[in-house]
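Below are the chains, spelled out letter by letter.
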Amino acid sequence: MIFGRSQRGKPPVEPVTFKILVAGGFGVGKTTLVGAVSEIRPLRTEELLTEAGRPVDDVSGVEGKHTTTVAMDFGRITLREDLVLYLFGTPGQERFWFMWDELSEGALGAIVLADTRRLEDCFAAVDYFERRSIPFVVGVNRFEGSARYPAETVRQALDLDAEVPLVMCDARDRESVKEVLIGMVQHAMAQAADRRRVVTT
């Protein structure tokens, strides 16, 4: 199947599309994740870090970072011929959080990226999605040189509910990111099914 075209006389498939947010702290790998998996050239709104932003942009632990997302990253991936995901990477710094409400409108769910060197940076994203009952998974981005912790230790540190999936991943690796996305879709659909059961009983 070529996207948007039929093959061997089959009628074209109209794909179901879902919107997924990619959130987390500053420098955690959101832009990298979207770029690793997107089948189109990602739309990026990155700007150079400046001296003026030094007092508010904490680069400890990510000293090599020279740009930052100021609006969003956008990418697309076709998981199956009838299932397309649109990815929206959110800005990580607190001063851009006002955009999250707009970006989260109509989202199926979210991936919260975490860095064990700066775990507290993803607390705000976890809290945001919990308060709005938006399904999310936590992807622990394994940076080179960072300490490795058991998933249960990270779960406890983040005080996650038992039903929230937590997976280890590499935001640079397409297959690793695809597994996180599939887990996100499955989790969101399971939650939607649970809500329907509650309504009908």
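See the structure printed just above.
Before going into details, it helps to say that this report is about the structure given with it. These numbers were taken from a predicted model, which means no experiment stands behind them. (Residues numbered from 1 in each chain as written. Predicted model: local features only at pLDDT ≥ 70, side-chain atom pairs only at ≥ 80, totals over all residues. Heavy atoms only, no water.)

A count of helical and extended segments in the protein gives 5 helices and 8 strands. Taken from the N to the C terminus, the helices and strands of the protein come in the order β-α-β-β-β-β-α-β-α-β-α-β-α. Within the protein, buried positions represent 44% of all 201 residues. Summarising the internal contacts of the protein: among those between residues at least 6 apart in sequence, 72% fall at separations of at least 24. Element-wise, carbon and sulfur atoms account for 52% of the exposed surface of the protein, whose accessible area totals about 11,100 Å². (Helix = DSSP H or I, 4+ residues; strand = E, 2+ residues; numbered from the N terminus. Buried < 20%, exposed > 50% of the residue type's maximum accessible area, 1.4 Å probe, protein only. Contact = heavy atoms within 4.5 Å. Areas by Shrake-Rupley, 256 points an atom, 1.4 Å probe, with all protein chains shown as cover.)

Another point: the sheet that holds strand E4 (residues 73-80). The 6 strands lie next to each other as E4-E5-E1-E6-E7-E8, forming an open sheet whose pairing is mixed. The open sheet has two edge strands with one neighbour each: E4 and strand E8 (166-169). Within this sheet the neighbouring strands show an average axis-to-axis angle of 25°, counted without direction. Where strand E1 (residues 16-24) and strand E5 (residues 83-89) come together, 7 bridges link them in parallel fashion. Within E5, the position partnered with phenylalanine 18 by the bridge is leucine 85. Seen against the sheet, helix H1 (residues 30-37) touches E1, E4, E5 and strand E6 (109-114) and runs at an angle of roughly 40° to E4. On top of the sheet, helix H4 (residues 151-158) reaches strand E7 (136-141) and E8; it is set at about 120° to E8, its chief contact. (Pairing = 2+ DSSP bridges. Axes fitted to C-alpha atoms, helices over the stretch in contact; angles between N-to-C directions.)

Counted according to the given criterion, the structure contains 10 salt bridges. Between aspartate 121 and arginine 118 there is a salt bridge, with its nearest N and O atoms 2.8 Å apart. With relative accessibility at 26%, the residue aspartate 121 sits in the partly exposed group. Classification of arginine 118 by relative accessible area gives buried; the value is 7%. For the salt bridge of arginine 172 with aspartate 170, the shortest nitrogen-to-oxygen distance reads 3.0 Å. (Salt bridge = Lys/Arg side-chain N within 4 Å of Asp/Glu carboxyl O.)

Moving on, we get to the packing of aromatic side chains. Pairs of aromatic rings are described using the distance from one ring centre to the other and the angle between the two planes. In this structure the tally under the stated criterion is 6 aromatic pairs. Taking the centre distance of 5.2 Å and the plane angle of 85° together, the rings of tryptophan 100 and tyrosine 128 count as edge-to-face. Within this pair, whereas tryptophan 100 is found in helix H2 (residues 100-104), its partner tyrosine 128 is found in helix H3 (residues 123-131), the two being separated by 28 residues in sequence. On the basis of relative accessible area, tryptophan 100 is assigned to the buried category, the value being 4%. (Phe/Tyr/Trp six-rings, centres within 6.5 Å; stacked < 30°, edge-to-face > 60°.)

Before going further, it helps to examine helix H5 (residues 174-200). With 27 residues, H5 extends 39 Å from end C-alpha to end C-alpha; this agrees with the ideal 39 Å at 1.5 Å per step. All of the buried residues along H5 are Ser176, Val177, Val180, Leu181, Met184, Val185, His187 and Ala188. (Expected span 1.5 Å × (residues − 1).)

Grouped together as the largest cluster of nonpolar side chains are 25 residues, with contacts concentrated most on Val112, Phe129, Phe136, Val138, Leu158 and Leu160. Mapped onto this core, the elements with two or more residues apiece are E1, H2, E6, H3, E7 and H4. Per-element accounting of this core gives the leading share, 4 residues, to H3. Residues in contact with valine 138, not counting those within four places in the same chain, are Val112, Ala114, Leu158, Leu160, Val164, Pro165, Leu166 and Val167. Within the second largest apolar cluster, 24 residues are counted, among which are Phe18, Ile20, Val34 and Ile77. (Core = buried A, V, L, I, M, F, W, Y, C linked by side-chain atoms within 4.5 Å.)

A cluster of acidic side chains, namely Glu130, Asp159, Asp161 and Glu163, defines a negative patch on the protein surface. Inspection of the secondary structure puts aspartate 161 in the loop between H4 and E8. Judged by its relative accessible area of 39%, aspartate 161 is partly exposed. (Patch = residues over 30% accessible without salt bridge, like charges linked within 9 Å, V, L, I, M, F, W, Y side chains within 5 Å. Lys, Arg positive; Asp, Glu negative; His and termini not counted. Charge placed at Lys NZ, Arg CZ, Asp CG, Glu CD.)

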